[in-house]
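# Examination of the molecular architecture
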Amino acid sequence: MKKFVGSLLGGLLAGLPLAFWWIGYESIIYSQLNLAGVDEVMVREMDFDFVFYASLLVVGITAVIYSIWSWVDNKREERFYRDYKKDSN
């Protein structure tokens, strides 16, 4: 569980700044005139393409961090068992 949460946190910390830098957030603002008795209404919408691609980037970076962390743990265990067998002989 610690490995998953750490990987997710690392993915968020690395992925979100990269998403803003690579993809670039563009807010969508448009105005509607004479809507429901109001002269002008400013409508602001979320850039869903940015949210989708940023979440894919975060999930991808999280998967890479998790796989590297698992590989390092596996190598560490192999070295421990190899050293243990060598010392027991």
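Preceding block: the structure.
I will try to describe carefully the structure that is included in this document. (Residues numbered from 1 in each chain as written. Predicted model: local features only at pLDDT ≥ 70, side-chain atom pairs only at ≥ 80, totals over all residues. Heavy atoms only, no water.)

Relative to the helices and strands, Ile-29 resides in strand β1 (residues 28–35). The class of Ile-29 is partly exposed, set by a relative accessible area of 43%. With residues up to four places along the chain from it excluded, the contact list for Ile-29 reads Met-42, Val-43 and Arg-44. (Helix = DSSP H or I, 4+ residues; strand = E, 2+ residues; numbered from the N terminus. Buried < 20%, exposed > 50% of the residue type's maximum accessible area, 1.4 Å probe, protein only. Contact = heavy atoms within 4.5 Å.)

Moving on, we come to the side chain of Ser-7. Note on placement: Ser-7 falls in helix α1 (residues 2–22). Ignoring any residue separated from it by four or fewer positions in sequence, one finds Ser-7 in contact with Thr-62, Ile-65, Tyr-66 and Trp-69.

A grouping of Met-1, Phe-4, Val-5, Leu-8, Leu-12, Leu-16 and Tyr-66 is seen on the molecular surface, where their side chains present a nonpolar patch of about 680 Å² in accessible area. It is α1 that provides the largest number of residues to the nonpolar patch, a total of five residues. When you line up the elements, Leu-12 lands in helix α1. For Leu-12, a relative accessible area of 37% gives the class partly exposed. (Patch = residues over 30% accessible without salt bridge, like charges linked within 9 Å, V, L, I, M, F, W, Y side chains within 5 Å. Areas by Shrake-Rupley, 256 points an atom, 1.4 Å probe, with all protein chains shown as cover. Salt bridge = Lys/Arg side-chain N within 4 Å of Asp/Glu carboxyl O.)

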